[in-house]
Amino acid sequence: QSVVTQPPSASGTPGQRVTISCSGSSPNIGRNTVSWYQHLPGRTPKLLISNDSQRPSGVPDRFSGSKSGTSASLAISGLQSEDEADYYCAVWDDSLGSRLFGGGTKLTVL
Amino acid sequence: EVQLVESGGGLVRPGGSLRLSCSASGFSFSSYSMNWVRQAPGKGLEWVSSTNGGGTSLFHAESVRGRFTISRDNARNSLFLQMDSLRAEDTAVYYCAKEIADGGFDYWGQGTLVTVSS
């Protein structure tokens, strides 16, 4: 079980807004920045959000990130069928001296 | 254009060794930390190792510590992962990834498959 916890699944209908949570603790999310990745089957993981809330160029503004205390969230608005993928949060853990990925959340667009 | 190309994967017996390589181009390789991340079949992403731009700071996940060693050759724009004492649970696609200053991994290679089986 990952030290950084995500719900295993999430779902929404086209056009809806969905939120994926990432729960950690003081040595990781409480002290360091969170990044988010989209991973489509058979594709390379894609950076969606870094530094808690910054979108790299080319990432649609439908994707947004936030953090409060020891939890972070990824929000996807205007859900589209092509958003169906696995989503991961990642953060450095000062106590473990390791980067941690959350267990991943499988997003289904109904 | 940034490109990361992994190589060196394959089938190896438990207890064996393998050396993965990642050839980088399109950016100033020595200026960036680099990482290895893996994904076992049916599982999520797992960070494996990282090294800073100069190759002087090395970090490894607890699951591979003492068995895997990350290194880099900045003259050849290459990243390596020496994997020893391999176990069945090391079976995975291994990706190399470029790390930006705020800790995000902005470019990933296509991955190389490592299968540990007798």
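Residues numbered from 1 in each chain as written. Chains lettered and ligands numbered in written order. Predicted model: local features only at pLDDT ≥ 70, side-chain atom pairs only at ≥ 80, totals over all residues. Heavy atoms only, no water.

(A) Expanded view of the nonpolar core. By size, the foremost hydrophobic cluster in this structure holds 38 residues, and its most contacted members are Phe101 of chain A together with Trp36, Leu81, Met83, Tyr94 and Trp108 of chain B. Per element, the largest residue contribution to this core is five residues, and it comes from strand 9 (residues 92–99) of chain B. If you look at the next biggest cluster of nonpolar residues, it comprises 23 residues, including Val4, Ile49, Ala72 and Leu100 of chain A. (Core = buried A, V, L, I, M, F, W, Y, C linked by side-chain atoms within 4.5 Å. Buried < 20%, exposed > 50% of the residue type's maximum accessible area, 1.4 Å probe, protein only. Helix = DSSP H or I, 4+ residues; strand = E, 2+ residues; numbered from the N terminus.)

(B) Spotlight on the pairing of strand 7 (residues 68–73) of chain B. Residue and element names in this part refer to chain B. A one-sided burial pattern is seen for strand 7, the buried positions being Phe68, Ile70 and Arg72 and the unburied ones Thr69, Ser71 and Asp73. By the bridge criterion, six bridges tie strand 7 to strand 8 (residues 78–83) in an arrangement that is antiparallel. Across the sheet, the residue bridging to Thr69 is Gln82, located in strand 8. Hairpin connection of strand 7 to strand 8: four residues between the antiparallel strands, including Asn77 at a positive phi of 50°. (Pairing = 2+ DSSP bridges.)

(C) Main features of the sheet that holds strand 8 of chain B. All names here are of chain B. Strand order across the open sheet formed by four strands is 1-3-8-7, with antiparallel pairing between neighbours. The open sheet has two free edges, formed respectively by strand 1 (3–7) and strand 7, since each of these has just one partner strand. When strand polarity is set aside, the average angle formed by the axes of neighbouring strands in this sheet is 15°. Bridge analysis of strand 3 (residues 18–25) against strand 8 gives six bridges, and the strand direction is antiparallel. In the strand pairing of strand 8, Arg19 is matched with Gln82. (Axes fitted to C-alpha atoms, helices over the stretch in contact; angles between N-to-C directions.)

(D) The arrangement of the pairing of strand 1 (residues 9–12) of chain A in detail. Residue and element names in this part refer to chain A. Burial along strand 1 is one-sided: the residues Ala10 and Gly12 are buried and none of Ser9 and Ser11 is. In the sheet, strand 1 pairs with strand 9 (residues 105–109) via four bridges, with the strands oriented parallel. Looking across to strand 9, one finds that Ser11 is bridged to Thr108.

(E) Fine view of the state of the cysteines. Residue and element names in this part refer to chain B. Scanning all chains against the criterion turns up two disulfides over all chains. One disulfide bridge connects Cys22 with Cys96, the sulfur atoms lying 2.0 Å from each other. Between Cys22 and Cys96 the sulfur-sulfur dihedral comes to about 50°; the bridge is accordingly right-handed. Residue Cys22 is found in strand 3, and its partner Cys96 is found in strand 9; the two are separated by 74 residues along the sequence. Of the two residues, Cys22 and Cys96, neither departs from the other in class, the shared state being buried. (Disulfide = S-S within 2.5 Å.)

(F) Layout of the interface of chain B and chain A. Each partner contributes to the interface: chain B provides 24 residues, whereas chain A provides 19 residues. For the pair chain B and chain A, the summed buried surface comes to about 1500 Å²; carbon and sulfur atoms form 56% of the total. Sorting the residues of chain B by area buried against chain A places Leu45, Trp47 and Asp102 of chain B first, and these three jointly supply 38% of that buried surface. Where chain B meets chain A, there are one salt bridge. Residue Glu99 of chain B is joined to Arg99 of chain A by a salt bridge in which the shortest nitrogen-to-oxygen separation is 3.1 Å. (Contact = heavy atoms within 4.5 Å. Buried area = accessible area lost by both parts, 1.4 Å probe. Salt bridge = Lys/Arg side-chain N within 4 Å of Asp/Glu carboxyl O.)

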